[in-house]
Amino acid sequence: MRKEDTVKLISAEGFEFVIDKRAAMVSQTIRNMLTSPGSFAETQLGEVRFPEISTTILEKICQYFYWSLQYASGKETEFHIEPELTLELMMAANYLHT
């Protein structure tokens with residue numbers, strides 16, 4: 001996979017998730033950050049920092065992005081969410097418009 005086909009998402013703790021750009025575009029917020037006109041760091045570097053989202057939550061969000069692509073292509077599977085992550089995950093999903 002070419003570097004321009006990936007996006008680096010960085011959690012509050014500094015953990016980096018390199019994911020397919022198509023998967024990241026599931027989030028309206030990330031799409032806007034990466035495609036906005038101008039010279040924004042996110043657009044130029046292909047990376048987005050989330051200082052308020054923990055590594056555990058960002059990992060689950062990345063899993064959801066890939067699950068969403070599969071679901072959109074007709075593969076219907078369950079997406080399991082651990083109960084202890086629910087509140088924090090809902091807040092992050094609201095911010096990311098996913």
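Above this text sits the structure in question.
A brief report on the enclosed structure follows. Residues take numbers from 1 onward in each chain, read along the sequence in its written order. Whole-chain, interface and lining totals are the exception, using all residues; otherwise, since this is a predicted model, local features are given only for residues with pLDDT of at least 70 and side-chain atom pairs are given and counted only at 80 or more. As a convention, hydrogens and water are excluded, and side-chain values are obtained from all of the structure's heavy atoms.

### Here's the deal with the pattern of salt bridges
Side chains that carry opposite charge are capable of pairing whenever their charged atoms lie near each other.
At step 1: Salt bridge, as used here, is a side-chain nitrogen of Lys or Arg placed within 4 Å of a carboxyl oxygen of Asp or Glu. Under the criterion given, the structure shown has seven salt bridges.
At step 2: One salt bridge in this structure joins K8 and E16, with 3.5 Å as the shortest N-O distance.
At step 3: The exposure class of E16 is partly exposed, given its relative accessible area of 43%.
At step 4: Put simply, E47 and R49 hold a salt bridge, and the shortest N to O gap is 3.7 Å.
At step 5: In this scheme, a residue with accessible area under 20% of its type's maximum is buried, one over 50% is exposed, and one in between is partly exposed, where area comes from a 1.4 Å probe on protein chains only. On the accessibility criterion, E47 (18% relative accessible area) is buried.
At step 6: Members of the salt-bridge network, linked through shared partners, are K8, E16, E47 and R49.

### Some thoughts on the pairing of strand β1 (residues 6–10)
At step 1: Burial within β1 is extensive, with four of its five residues counted as buried.
At step 2: For β1 and strand β2 (residues 16–20), the ladder comprises five bridges, and the chain directions are antiparallel. Along β2, the bridge assignment pairs I10 with E16.
At step 3: Hairpin connection from β1 to β2: five residues lie between these consecutive antiparallel strands, with G14 at a positive phi of about 95°.
At step 4: Relative to strand β3 (residues 47–49), β1 is paired through three bridges, and the arrangement is parallel. Each residue of the ladder has a partner; that of K8, found in β3, is E47. Here a helix means four or more residues in a row that DSSP labels H or I, a strand means two or more in a row labelled E, and each is numbered from the N terminus. By definition, two strands form a pair when at least two bridges between them are found by DSSP.

### As for helix α4 (residues 55–72)
At step 1: The span one expects for a helix is its residue count, reduced by one, times 1.5 Å. Its 18 residues give α4 an end-to-end C-alpha distance of 26 Å, which sits within 8% of 26 Å, the value for a rise of 1.5 Å per residue.
At step 2: Looking only at α4, the buried set comprises I57, L58, K60, I61, C62, F65, W67 and S68.
At step 3: Taken together, the buried residues of α4 touch β1, β2, α1 (21–24), α2 (28–35) and α5 (86–96). Contacts are assigned to residue pairs with any non-hydrogen atoms lying within 4.5 Å of each other.

### Re the layout of surface pockets
At step 1: Both site types are read off a 1 Å grid over the protein atoms alone. A 1.4 Å probe that fits but cannot get out defines a cavity, while an open set with protein on both sides within 12 Å along at least five of seven lines defines a pocket; lining residues have an atom within 4 Å of a point. Grid points are joined across faces, edges and corners, and a volume is the space filled by probe spheres set on the points. Approximately 200 Å³ is the volume attributed to the largest pocket.
At step 2: Taken together, 14 residues form the lining of the largest pocket, with K3, E4, T6, L45 and G46 sitting closest to its centre.
At step 3: Elements that contribute at least two residues to the lining of the largest pocket include exactly β1 and α3 (41–45).
At step 4: With four residues, α3 is the single largest residue contributor to the lining of the largest pocket.
At step 5: Considering only residue class, the lining of the largest pocket consists of four nonpolar, four polar and six charged.
At step 6: Size it by volume and the second largest pocket reaches roughly 150 Å³.
At step 7: Lining of the second largest pocket is provided by K60, I61, Y64, F65, F79, I81, T86, L89, M90, A93 and T98.
At step 8: If you list the elements that add at least two residues to the lining of the second largest pocket, you get α4 and α5.
At step 9: Within the lining of the second largest pocket, the residues separate by chemical class into eight nonpolar, two polar and one charged. Note that Gly is not counted as nonpolar here; it falls among the polar residues with everything else outside the nonpolar set of Ala, Val, Leu, Ile, Met, Phe, Trp, Tyr, Cys and Pro and the charged set of Asp, Glu, Lys and Arg.

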